[in-house]
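Structure at a glance
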Amino acid sequence: MQTRRLGKSNLQVSALCLGTMMFGDQTDLAEAQRIVASAQDHGVNFIDTADVYVKGRSEEMVGSLLQGRRHDWVVATKLGNSMRAEPNHGNYSRSWIMRETDCSLSRLATDHIDILYLHRDFEEANLEEAVAALGDLIRSGKIRYFGLSNFRGWRIAEVVRLCERHGVPLPVACQPCYNLLNREPEIEILPACKHYGIGVVPYSPLARGVLTGKYVPGEPPPADSRAGRREKRMMETEFRDGSLEIAARLRQHADGRGVALTQLAVAWVLANPIISSVIAGPRSLAQMEGYYTALGMGLSAEEEALVDSMVPPGHASVHGYSDPSYPISGRPV
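Residues numbered from 1 in each chain as written. Predicted model: local features only at pLDDT ≥ 70, side-chain atom pairs only at ≥ 80, totals over all residues. Heavy atoms only, no water.

**A few points about helix H5 (residues 153–166)**
Since the α-helix packs 3.6 residues into each turn, any two residues three or four apart lie on the same face. Helix length check: H5, at 14 residues, gives a terminal C-alpha distance of 20 Å against a target of 20 Å (1.5 Å per residue), a fit within 8%. Check the buried side of H5 and you find it contacts helix H4 (127–140), strand E7 (143–149), strand E8 (173–175) and helix H6 (189–196). Gly167, located one to two residues past H5, shows a positive phi value of around 70°. (Helix = DSSP H or I, 4+ residues; strand = E, 2+ residues; numbered from the N terminus. Expected span 1.5 Å × (residues − 1). Contact = heavy atoms within 4.5 Å.)

Written out as structure tokens, the structure is:
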């Protein structure tokens with residue numbers, strides 16, 4: 001297993017980060033135990049969860065599975081998304097950040113969180129209040145570092161400015177959605193992270209399953225797949241005819257090389273030198289095992305050019321790609 005330095009920090013993380021969004025939902029405790037054991041056997045030392053994943057159940061499972069080997073792992077979790085419908089059970093008030101960090105510590109059965117991410121950007125949020133609270137959490141020892149997830153480039157710069165104003169250590173990690181079908185983070189997010197020395201840990205390297213090659217253009221998706229279940233976020237973003245066609249062409253290339261498309265897609269993300277680690281989000285042990293062989297694979301110049309010919313640098317696979325969860329602001333609505 002390759003390890004990489006997380007931004008300018010001295011923290012070393014495995015090139016694969018075990019994402020646990022499925023734990024407690026589609027992955028039961030026994031299968032999760034097999035996944036965690038396999039990951040550790042393969043040298044993975046980085047695990048990612050969030051308070052909102054199955055309303056805390058994922059954190060609880062991670063906590064139980066890491067008992068006795070907690071210090072072998074860099075544990076990252078997130079807060080910010082609403083945990084309840086009532087006010088002050090989400091977002092970035094000092095009250096909620098402090099209270100929910102304690103809740104995450106309890107669910108994770110640990111005395112500290114290695115990396116606490118702000119899970120998403122709320123443009124109306126008072127980031128100064130959030131940064132000050134994170135600084136206090138670092139000083140208290142409850143968290144070691146903090147990171148940003150789903151923040152735009154200019155908002156990353158704003159957080160850095162606020163950290164410098166308040167004497168708070170800069171974020172060590174940024175978690176964007178980045179894969180070869182969505183290269184938009186290459187325009188602002190990745191350069192900002194490189195400039196400030198922030199590690200990049202992308203999620204969804206397989207574009208929520210499109211880059212497994214299991215979806216055939218013009219045919220109904222498998223019933224047990226995300227698209228088959230009509231998962232809202234996927235249907236709004238990745239599941240588009242143009243993306244399916246690109247995935248089908250890339251699968252033909254991967255088949256000719258004798259590798260899986262999933263391996264090619266993960267290797268493509270890791271080939272970017274700005275990337276510190278990539279999040280694998282398996283539902284099963286078999287899916288996790290499919291990630292390992294991508295690590296030493298590498299891409300040829302011809303393969304880089306092939307991807308560029310389908311999805312140019314800085315672009316998405318289809319015209320007008322935009323995630324409704326992160327709308328473009330500035331126009332009347």
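**With respect to the pairing of E7**
Burial runs high along E7: 5 of the 7 residues are buried. As defined by bridge partners, strand E6 (residues 113–118) adjoins E7 across 5 bridges and the pair is classed as parallel. Bridge pairing links Leu118 to Leu148 in E7. One crossover worth recording links E6 to the parallel E7 by way of H4, and it is right-handed. For the handedness criterion, the β-α-β arrangement of E7, H5 and E8 is classed as right-handed. (Buried < 20%, exposed > 50% of the residue type's maximum accessible area, 1.4 Å probe, protein only. Pairing = 2+ DSSP bridges. Right-handed = clockwise from strand over helix to strand, strands pointing away.)

**Quick look at the pattern of salt bridges**
With the rule as written, the count across this model stands at 21 salt bridges. Glu100 is the partner of Arg107 in a salt bridge, and the nearest nitrogen-oxygen pair spans 2.8 Å. A salt bridge links Asp121 to Arg155, with the nearest nitrogen and oxygen atoms 2.9 Å apart. Taken together, the positions of Asp121 in the loop between E6 and H4 and Arg155 in helix H5 put the pair 34 residues apart, joining distant regions of the chain. (Salt bridge = Lys/Arg side-chain N within 4 Å of Asp/Glu carboxyl O.)

**Thoughts on the layout of surface pockets**
Volume-wise, the largest pocket comes out at about 1,200 Å³. Forming the walls of the largest pocket are 43 residues, and the residues nearest its centre are Met21, Met22, Arg208, Arg226 and Glu231. At the level of secondary structure, the elements contributing two or more residues to the lining of the largest pocket comprise helix H7 (232–236) and helix H10 (285–292). Per-element accounting of the lining of the largest pocket gives the leading share, 4 residues, to H10. Class assignment of the residues belonging to the lining of the largest pocket gives a composition of 13 nonpolar, 17 polar and 13 charged. In this structure, the second largest pocket spans a volume of roughly 600 Å³. Across the lining of the second largest pocket, the residue classes break down as 11 nonpolar, 5 polar and 5 charged. (1 Å grid on protein atoms, 1.4 Å probe; cavity = no way out; pocket = protein on both sides within 12 Å on 5 of 7 lines; lining within 4 Å. Points joined across faces, edges and corners; volume = space filled by probe spheres on them. Nonpolar A, V, L, I, M, F, W, Y, C, P; charged D, E, K, R; others polar.)

**Let's talk about helix H2 (residues 57–65)**
When H2 is considered as a whole, its buried residues turn out to be Ser58, Glu59, Met61, Val62, Gly63 and Leu65. Contact partners of the buried residues in H2: helix H1 (29–41), strand E4 (46–48), strand E5 (74–79) and helix H3 (94–108).

**Some points on the environment of Leu148**
Mapped onto the elements of the fold, Leu148 is located in strand E7. Leu148 sits in the buried class, given a relative accessible area of 1%. Distance from Leu148 to Met21, taken between C-alpha atoms, is 17 Å for residues 127 residues apart in sequence. Beyond its immediate stretch of four places on either side in the chain, Leu148 contacts Tyr117, Leu118, Ile156, Val159, Pro171, Ala173, Cys174 and Gln175.

**A closer look at the packing of aromatic side chains**
A full pass over the atoms with the stated rule returns 3 aromatic pairs. Seen in terms of ring centroids, Tyr92 and Phe122 are 5.3 Å apart; in terms of plane orientation they differ by 65°. Their pairing is edge-to-face. Of this pair, Tyr92 sits in the loop between E5 and H3 while Phe122 sits in the loop between E6 and H4; the two residues are 30 residues apart in sequence, bridging distant segments of the chain. Pair check on accessibility: Tyr92 and Phe122 agree, each one buried. When the ring of Tyr178 is compared with that of Trp268, the centres are 5.4 Å apart and the planes differ by 45°; the resulting orientation is tilted. One end of the pair, Tyr178, is in the loop between E8 and H6; the other, Trp268, is in helix H9 (residues 261–270), and 90 residues separate them in sequence. Trp268 matches Tyr178 in its accessibility class, with the two residues each being buried. (Phe/Tyr/Trp six-rings, centres within 6.5 Å; stacked < 30°, edge-to-face > 60°.)

**Remarks on the environment of Met297**
For Met297, the location among the structural elements is in the loop between H10 and helix H11 (301–310). Among the residues examined, Met297 registers a relative accessible area of 17% and is labelled buried. Along the chain, Met297 and Cys17 lie 280 residues apart, while their C-alpha atoms are 17 Å from each other. Each residue touching Met297, except ones within four places of it in the same chain, is listed here: Arg257, Val259, Gln263, Leu264 and Ala267.

**Thoughts on the side chain of Asn81**
One can find Asn81 in the loop between E5 and H3. Among the polar contacts listed, one links the side chain of Asn81 to the side chain of His119, at a separation of 3.1 Å. Those residues within four positions of Asn81 in sequence are excluded, and the remaining contacts are Val52, His89, Gly90, His119, Arg120 and Phe122. (Polar contact = N/O pair within 3.5 Å; in protein donor to acceptor, adjacent residues only side chain to side chain.)

**Some remarks on empty space enclosed by the protein**
Using the criterion set out here, one finds 1 cavity of 30 Å³ or more in the structure. Considered as a void within the structure, the largest cavity measures approximately 40 Å³ in volume. Around the largest cavity sit Asn179, Leu181, Asn182, Thr237, Glu238, Ser243, Ser317 and Tyr321, which together line it. Looking at the lining of the largest cavity, its residues break down into 2 nonpolar, 5 polar and 1 charged.

All we've got here are geometric facts, nothing functional implied.
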